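Each chain, letter by letter, is given below.
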Amino acid sequence: SQQGEEDPQALSIQEGENATMNCSYKTSINNLQWYRQNSGRGLVHLILIRSNEREKHSGRLRVTLDTSKKSSSLLITASRAADTASYFCTPTQRNFGNEKLTFGTGTRLTIIP
Amino acid sequence: DTGVSQNPRHKITKRGQNVTFRCDPISEHNRLYWYRQTLGQGPEFLTYFQNEAQLEKSRLLSDRFSAERPKGSFSTLEIQRTEQGDSAMYLCASSLAPGAGADTQYFGPGTRLTVL
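Residues numbered from 1 in each chain as written. Chains lettered and ligands numbered in written order. Predicted model: local features only at pLDDT ≥ 70, side-chain atom pairs only at ≥ 80, totals over all residues. Heavy atoms only, no water.

Undergrad: Please clarify how the layout of surface pockets should be interpreted in this entry.
TA: One simple way to see leftover space: roll a probe sized like a water molecule over the atoms. Of the pockets and cavities examined, the largest pocket occupies roughly 640 Å³. If you trace the largest pocket, you find 30 residues lining it, with A:Gln37, A:Asn38, A:Ser39, B:Gln37 and B:Arg112 closest to the centre. Among the elements of the structure, strand S4 (31–38), strand S5 (42–50), strand S9 (85–92) and strand S10 (107–112) of chain A together with strand S9 (88–95) and strand S11 (111–115) of chain B are those that each provide at least two residues to the lining of the largest pocket. Looking at the lining of the largest pocket, the element that brings in the most residues is S9(B), giving three residues. Residues belonging to the lining of the largest pocket are distributed by class as follows: eight nonpolar, 18 polar and four charged. Roughly 250 Å³ of volume is contained in the second largest pocket. A:Thr102, A:Phe103, B:Pro43, B:Glu44 and B:Phe45 are, among the 16 residues lining the second largest pocket, the residues nearest its centre. Mapped onto the lining of the second largest pocket, the elements with two or more residues apiece are strand S5 (44–50) and strand S6 (53–57) of chain B. Here the residues of the lining of the second largest pocket are counted per class, giving four nonpolar, eight polar and four charged. (1 Å grid on protein atoms, 1.4 Å probe; cavity = no way out; pocket = protein on both sides within 12 Å on 5 of 7 lines; lining within 4 Å. Points joined across faces, edges and corners; volume = space filled by probe spheres on them. Helix = DSSP H or I, 4+ residues; strand = E, 2+ residues; numbered from the N terminus. Nonpolar A, V, L, I, M, F, W, Y, C, P; charged D, E, K, R; others polar.)

In C-alpha cells:
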C-alpha cells in the first residue's frame, strides 16, 4: 500500500461552515478510504471510494476522486463540534482486497463553536 | 457491543518489563491487523493475520515483538524487554478476507502503552 498525503495539515473553521481537505497519492489505486480519529471514538472508517467512481456521498460527507490527478477530497458540510478530529486518507493499490493500510499524518480539523 | 475490543486500554510499565495486549476482532472477520501510533503521527502497520496465519510483518516489528492468533479468533501482541521508545498507542483492526467484498478495516479503541 502507498501513503496518502493530506493537506492542509491543520484547519480551523467556525461551526456550521464547510470543511474541505485533500489527499494526494503517487501511483494507481484500487480504492481510497477516509478515516476519522478523535479521542472519544478512536479511528473510525468514514467512506470508501473505488477507482471507477468519481464522487460518493454519506450523510454530510462528500468524497471526490480524480484518478488522473491522483487526488481525492473530503468535504464535510454544515460542520459540528463533534467533527473536530484528525482525518486520514488511505489509498490502496491491490485488487485482491484488504491489505495493510498506510497512513499519513492527517489533517487536524478544529471546529470552533 | 460487537466491535473490535482491546485490553487493557492503558498500560504503564517500567523499562525492561514484558507486556502483553489482547485484541478481540469482530467475530466473522478473518483478518486481524496490528498498528502502532505515536503522538502526531498516523498509525503504522506492524503485522496481520488471516485466520491463524501471520501473513506479513513490518520491519518495525523487532524481535522483541511477537504476535499470535492461535485459534484464528483473538490475538495477542507481546513486547519483551520494553524500551521507552515502545511508548505508543497500539491499535488492532479486523476485516473480512479478500474476495468477501469488503475492503474496510474496523479499528478497536487501542491500548496506550507508557514505558517509564
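Undergrad: I tried to follow the interface of chain A and chain B on my own but got confused; where do I start?
TA: Note on interface size: it is often stated as the accessible area lost on association of the parts. With 18 residues of chain A in contact, the opposing surface of chain B contributes 21 residues. In total, about 1,600 Å² of surface goes out of reach between chain A and chain B, with carbon and sulfur atoms giving 46% of it. Counting the contacts that link chain A with chain B gives one salt bridge. In this structure, the salt-bridge partner of A:Lys100 is B:Glu56, at a minimum N-O distance of 2.7 Å. Summed over the shared surface of chain A and chain B, the result is six residue pairs in polar contact (both at pLDDT 80 or more). Secondary-structure elements contributing two or more residues to the side of chain A that touches chain B are S4 and S5 of chain A. In terms of residue class, the side of chain A that touches chain B is made up of seven nonpolar, eight polar and three charged. (Contact = heavy atoms within 4.5 Å. Buried area = accessible area lost by both parts, 1.4 Å probe. Salt bridge = Lys/Arg side-chain N within 4 Å of Asp/Glu carboxyl O. Polar contact = N/O pair within 3.5 Å; in protein donor to acceptor, adjacent residues only side chain to side chain.)

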